Amino acid sequence: MNDELLRKRYFVVRNFIESWKADDLAEQFDSFARTNPEKSSQKDDVEKSFAFYNFKPFVGLMLDKLPDLEKLVGSELFPTYSFARIYENEAVLTVHKDRPACEVSVTLNLNQDKDWDIWFAKGLEPDDTKDYVNLKPGDACIYLGSHVWHARDPYEGNYYTQTFLHYVFRNGLNSDELFDNKELLAGG
């Protein structure tokens with residue numbers, strides 16, 4: 001496995017996707033959010049955001065980036081799900097660890113009007129010293145989502161669009177989370 005991922009439980013990949021592609025994906029998601037505000041997945045705990053589970057273009061990206069991600073991580077992976085948000089002013093991502101389907105997670109900045117760091121606890125407790133990571137559109141942070149405390153402080157801009165791409169280790173304890181443990185085809 002990637003040494004930096006083992007040591008710090010995260011690492012940054014600049015230009016994970018091209019900036020024009022990030023902008024295009026952000027526009028698709030923004031258009032969807034504007035025309036379908038009632039479809040926001042607000043069952044999660046982040047107020048002041050539009051959120052959506054498995055937006056098709058992001059599922060496609062999750063699958064397309066799988067070979068690259070396996071090389072970067074140094075392990076075979078199964079995709080589980082994608083999730084995306086458009087954060088608004090004063091949105092907060094509270095400190096948390098992700099569920100088992102997020103062993104290897106990618107947070108990918110698609111568009112923003114102001115920088116907004118994600119932070120990771122350096123130690124094993126959520127209030128340990130923090131490492132702050134700034135991502136520009138197209139940049140990604142790959143992290144062990146279910147093993148590292150992470151959060152974002154209140155957002156001071158007006159919009160920040162991102163997607164999360166989640167995976168599990170193919171030969172790991174959570175490999176049954178493949179495609180979020182959903183039945184893909186009726187009848188098998």
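Residues numbered from 1 in each chain as written. Predicted model: local features only at pLDDT ≥ 70, side-chain atom pairs only at ≥ 80, totals over all residues. Heavy atoms only, no water.

### Topic: unusual backbone geometry
Phi is positive for Asn-54, close to 55°, though the residue is something other than glycine. Residue position: Asn-54 is located in the loop between strand 2 (49–53) and helix 3 (56–64). Its identity is not glycine, yet Asp-180 carries a phi of approximately 60°, on the positive side. With respect to the helices, strands and loops of the structure, Asp-180 is situated in the segment after strand 10 (160–169). Taking relative accessible area as the criterion, Asp-180 reaches 7% and is therefore assigned buried. (Helix = DSSP H or I, 4+ residues; strand = E, 2+ residues; numbered from the N terminus. Buried < 20%, exposed > 50% of the residue type's maximum accessible area, 1.4 Å probe, protein only.)

### Thoughts on the pairing of strand 7 (residues 130–133)
Only one face of strand 7 is covered, namely the one carrying Asp-131 and Val-133; the face carrying Lys-130 and Tyr-132 has none of its residues buried. The pairing of strand 6 (residues 118–121) with strand 7 spans four bridges and is antiparallel. Bridge pairing in strand 7 links Ala-121 to Lys-130. (Pairing = 2+ DSSP bridges.)

### Thoughts on the environment of Gly-172
Mapping Gly-172 onto the fold places it in the segment after strand 10. Expressed as a C-alpha distance, the spacing of Gly-172 and Glu-76, which sit 96 residues apart in the sequence, is 9.6 Å.

### Quick notes on the packing of helix 2 (residues 19–35) against helix 3
Helix 3 packs onto helix 2 with a crossing angle of 145° between their chain directions and a minimal axis gap of 10 Å. In this structure, helix 2 contributes Lys-21, Leu-25, Gln-28 and Phe-29 to the contact, and helix 3 contributes Pro-57, Phe-58 and Leu-61. Of the residues contributing to the contact of helix 2 with helix 3, the split by class is five nonpolar, one polar and one charged. (Axes fitted to C-alpha atoms, helices over the stretch in contact; angles between N-to-C directions. Contact = heavy atoms within 4.5 Å. Nonpolar A, V, L, I, M, F, W, Y, C, P; charged D, E, K, R; others polar.)

### Looking at the sheet that holds strand 6
Ordered by their spatial adjacency, four strands build an open sheet running 4-9-6-7, and the pairing between neighbours is antiparallel. This sheet does not close on itself; its edge strands, each paired only once, are strand 4 (93–96) and strand 7. Ignoring which end each strand starts from, the neighbouring axes of this sheet average 25° apart.

### Some details on the sheet that holds strand 3 (residues 77–87)
Strand order in the open sheet formed by six strands is 1-8-5-10-3-2, with antiparallel pairing between adjacent strands. One side of each edge strand has no neighbouring strand; the edge strands of this open sheet are strand 1 (10–13) and strand 2. Across this sheet, the average inter-strand angle for adjacent strands is 20°, counted without regard to direction. By the bridge criterion, four bridges tie strand 5 (residues 104–112) to strand 8 (residues 140–143) in an arrangement that is antiparallel. Each residue of the ladder has a partner; that of Thr-107, found in strand 8, is Cys-141. Across the sheet, helix 3 lies against strand 3, strand 5 and strand 10, angled at about 140° from strand 3, the strand it touches most. Seen against the sheet, helix 4 (residues 66–73) touches strand 1, strand 3, strand 5, strand 8 and strand 10 and runs at an angle of roughly 105° to strand 3.

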